[in-house]
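Spelled out from the first residue to the last, the chains are:
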Amino acid sequence: PTKRKNLNNLIHETLSPEIITLLQEVGELADEIGFKAFAVGGFVRDLLLKTANLDLDIVVEGNGIAFAKKVAEHFKGKFFPHEKFLTATVTLPNDFKIDIATARLEYYESPAAMPMIQLSSIKLDLSRRDFSINAMALQINREQFGTLIDYFNSQSDLRNQVIRVLHNLSFVEDPSRIFRAIRFEKRMNFHIGPHTKGLIGNAVAMNLFGKSRDSRFLSELKIIFKEKDPLGPLVRLAEFGLFQYLWPDLRPNYRTDRRFCHGIRQTKAAIKKLYEIEPKAKIDKSVAFLLTIFHRSGPEEIQAFCNRFNEEEKICKKLLQTKQRCDALLPILYTPMAKSELHQHLQDLNYEDLLYICSVAKKSHIHKSVLDYLCQLRHIKPLLKGKDLMEMGYPRGPKFSEILNSLKRAKMDGLVSSRADEEELLQKNFPLSNLHC
Ligand code: CTP
């Protein structure tokens, strides 16, 4: 039996006025062309959990692409259709994104293949979704605004905090859902229901993963790396026997061992620290975590992983280069050195390189060195500028930057602190008389 109830109160308690107005306007646009329109998926799940979710997925009974075009025109936004899937993304002028889909019945050519699509209604659309908690719809047409549609007892699963598939072939159709089950379980502190757990076991035993080069596994794994605490879901993946497929060379440690967990914790701590120092740092967290996981692997294993999951060429190259560069640098960093030398070694590294070094280094002084570099060394500049050198009579030319660099190094090493110190050092190391002749 369908459970319908009106969520208007909850909507007003939970969502921002801007989102409510947006939903209402989109609903009215659907009324204009006689389509039923629904917010679906994680948005509805999180509304019922009273958690903010800024990913708005809309499904219409009608042509989703034509509707998305209308929405984009109305809001003066941008419109990106995906003809093959009958979906479109609309980006509003304030960058808010709405994904619009056509209520659909998905056919799968073979297990783990990409879906073929045919038109259908909201019930069929919802019944094809991953878990009951993600299979509710909220109608947004004016007359029915706020009506929750729940065909699959989703509200009761949400109350009981259960992750449950809607049919037995769910993981056969899309094995990447196993990653999703684990992610939702850990993120929301839910549990995977016993039947669903059994189906995961069957899917793993059927080796559904080994047969496919599905990039969805990697996308889902990357979302796990972005979770607040990726270790929980990673341990769970190992418990379900999925490590042997993801990282076959971690053998014989198919399960997560102490070293694995330590590496992940170190990476997490290093990312946190980096954000404290540089709140706007652009960090590719999946590169950082993958490098830690691949710490003991060779380039062939990294390449094989990238091939298996269709990783972008650019990222694959980054993984290989970072690892090679930093593995060569690590033994050097273990030996004591002047700060200027440390700066020299670290100055061309990117954030993922530095995170990798911190995650795998065994000595805490390396962490301190990287911190010192990030907080201080990379910002140090001599007091004397090029302009001052010119005034002092130094001729412009290639020597100029060498002189400034040597002042910078001296400052890092504490050999100079005042302007007078710097001038004295110049006279000693770069006497003007030498330069002119
Ligand atoms: N979905 C699915 N099977 C998948 C991926 C997605 O059935 N393999 C459906 C689910 O109904 C999901 C919706 O598509 O709710 C949107 O997917 P996505 O944005 O990936 O998930 P959310 O549930 O919104 O999760 P999150 O909160 O992590 O964004």
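These remarks concern the structure in this document. (Residues numbered from 1 in each chain as written. Predicted model: local features only at pLDDT ≥ 70, side-chain atom pairs only at ≥ 80, totals over all residues. Heavy atoms only, no water.)

1. With respect to the site of the ligand
Lining the immediate surroundings of the ligand are 16 residues, of which Arg 45, Asp 130, Asp 174, Arg 183 and Arg 187 lie closest. Here a nitrogen atom of the ligand and a side-chain polar atom of Arg 177 are 3.2 Å apart. One of the side-chain N or O atoms of Arg 187 is found 2.7 Å from an oxygen atom in the ligand. Expressed as a share of its isolated accessible area of 570 Å², the protein-covered part of the ligand is 77%. When contributions to the shell around the ligand are tallied by element, the ones reaching two or more residues are α3 (42–48) and α8 (177–188). Among the elements that make up the shell around the ligand, the one with the highest residue count is α8 (five residues). Residues belonging to the shell around the ligand are distributed by class as follows: one nonpolar, five polar and ten charged. Two domains each provide a minimum of three residues to the shell around the ligand, namely domain 1 (1–160) and domain 2 (161–256). (Near = heavy atom within 4 Å. Polar contact = N/O pair within 3.5 Å; in protein donor to acceptor, adjacent residues only side chain to side chain. Areas by Shrake-Rupley, 256 points an atom, 1.4 Å probe, with all protein chains shown as cover. Helix = DSSP H or I, 4+ residues; strand = E, 2+ residues; numbered from the N terminus. Nonpolar A, V, L, I, M, F, W, Y, C, P; charged D, E, K, R; others polar. Domains from an automatic or database assignment.)

2. With respect to the side chain of Glu 311
Tracing the backbone shows Glu 311 in the loop between α15 (299–308) and α16 (313–334). Residue class for Glu 311 comes out buried when judged on its relative accessible area of 12%. (Buried < 20%, exposed > 50% of the residue type's maximum accessible area, 1.4 Å probe, protein only.)

3. Comments concerning the packing of aromatic side chains
Using the criterion set out here, one finds 14 aromatic pairs in the structure. Arranged with centres 6.3 Å apart and planes meeting at 10 degrees, the rings of Trp 247 and Phe 305 form a pair that is stacked. Of this pair, Trp 247 sits in the loop between α12 (243–246) and α13 (258–277) while Phe 305 sits in helix α15, and the two are 58 residues apart along the sequence. Take Trp 247 and Phe 305: they sit in the same class, and that class is buried. Relative to Phe 309, the ring of Phe 305 lies with its centre 5.0 Å away and its plane at 65 degrees, an arrangement referred to as edge-to-face. Both residues of the pair, Phe 305 and Phe 309, count as buried. One residue, Arg 183, lies across the ring of Phe 184, its end atom 4.9 Å from the ring centre. Stacked on the ring of Tyr 245, the Lys or Arg Arg 308 has its end atom at 5.6 Å from the ring centre. (Phe/Tyr/Trp six-rings, centres within 6.5 Å; stacked < 30°, edge-to-face > 60°. Lys NZ or Arg CZ within 6 Å of the ring centre and 35° of its normal.)

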